[in-house]
Amino acid sequence: QVQLVESGGGLVQAGGSLRLSCAASKRTVGSLPMGWFRQAPGKDREFVAASSWVIGRTYYADSVKGRFTISRDNAKNTVYLQMNSLKPEDTAVYYCAAALGTAWRATSGSDYNYWGQGTQVTVSS
């Protein structure tokens, strides 16, 4: 069982930055595909970013490409989501997730096995 705990959310003005952290309970960050998703009120959960460091691939939603960066710190067993140039439409609860399966599709939430509890990000205009 893998536990994921997000932190780093908060209230920020448009154009500002936040860095979200996702701490894993086991040494998963370097070996498992990890992703970030978000869900705004009244909307479906959507893919934000993901990475499999084993295969060296990183993926981003078009809406965040160039503004968000996913990274990891193996020593801390933590994945990060650096969010720059934030927009009001980035307001959502952000979740990190880990995938176990080999048939992993980065953008598909159903391919992830473990989820954190979420952290709220609010961007004011």
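Residues numbered from 1 in each chain as written. Predicted model: local features only at pLDDT ≥ 70, side-chain atom pairs only at ≥ 80, totals over all residues. Heavy atoms only, no water.

### Looking at the pairing of strand β7 (residues 68-73)
Examined bridge by bridge, β7 and strand β8 (residues 78-83) share 6 bridges and lie antiparallel to one another. By the bridge assignment for β8, Ser71 is matched with Tyr80. Linkage of β7 to β8, two consecutive antiparallel strands, is achieved through a turn of 4 residues, within which Asn77 is found at a positive phi near 50°. (Pairing = 2+ DSSP bridges. Helix = DSSP H or I, 4+ residues; strand = E, 2+ residues; numbered from the N terminus.)

### A look at the nonpolar core
Looking at soluble globular proteins, one finds that nonpolar side chains tend to be buried together. The biggest cluster of nonpolar side chains holds 37 residues, and the ones touching the most others in it are Leu4, Trp36, Leu81, Met83 and Tyr94. Counting only elements with at least two residues in this core, the list comes to β3 (18-24), β4 (34-39), β5 (46-52), β7, β8, β9 (92-98) and β11 (119-124). Sort the elements by how many residues they give to this core and β9 lands first, with 5 residues. (Core = buried A, V, L, I, M, F, W, Y, C linked by side-chain atoms within 4.5 Å. Buried < 20%, exposed > 50% of the residue type's maximum accessible area, 1.4 Å probe, protein only.)

### Here's the deal with the pattern of salt bridges
For the structure on display, the rule yields 5 salt bridges. For the salt bridge of Arg38 with Glu46, the shortest nitrogen-to-oxygen distance reads 2.5 Å. Residue Arg38 is classed as buried on the basis of its relative accessible area, which comes to 5%. Note that Asp111 is salt-bridged to Arg105, the shortest N-O span being 2.7 Å. For Asp111, a relative accessible area of 14% corresponds to the buried category. Residue classification places Arg105 among the partly exposed residues on the basis of a relative accessible area of 49%. Put simply, Arg38, Glu46, Arg67 and Asp90 are held in one network by salt bridges that share partners. (Salt bridge = Lys/Arg side-chain N within 4 Å of Asp/Glu carboxyl O.)

### Things to note about the sheet that holds strand β1 (residues 4-7)
Backbone-to-backbone hydrogen bonds join strands into a sheet, with any given pair of strands oriented parallel or antiparallel. Pairing within the open sheet is antiparallel, and its 4 strands lie in the order β1-β3-β8-β7. The open sheet has two edge strands, β1 and β7, and neither has a second partner. Across the sheet, the axes of successive neighbouring strands diverge by a mean angle of 20°, strand direction being ignored. (Axes fitted to C-alpha atoms, helices over the stretch in contact; angles between N-to-C directions.)

### Regarding the state of the cysteines
This structure, assessed with the given rule, holds 1 disulfide. Shown here is the disulfide that connects Cys22 with Cys96, its sulfur atoms set 1.9 Å apart. A torsion of 55° about the S-S bond marks the disulfide between Cys22 and Cys96 as right-handed. Separated by 74 residues along the polypeptide, Cys22 in strand β3 and Cys96 in strand β9 bring together distant segments of the chain. In this pair, the class of Cys22 matches that of Cys96, namely buried. (Disulfide = S-S within 2.5 Å.)

Interpretation in functional terms is not warranted from these geometric data alone.
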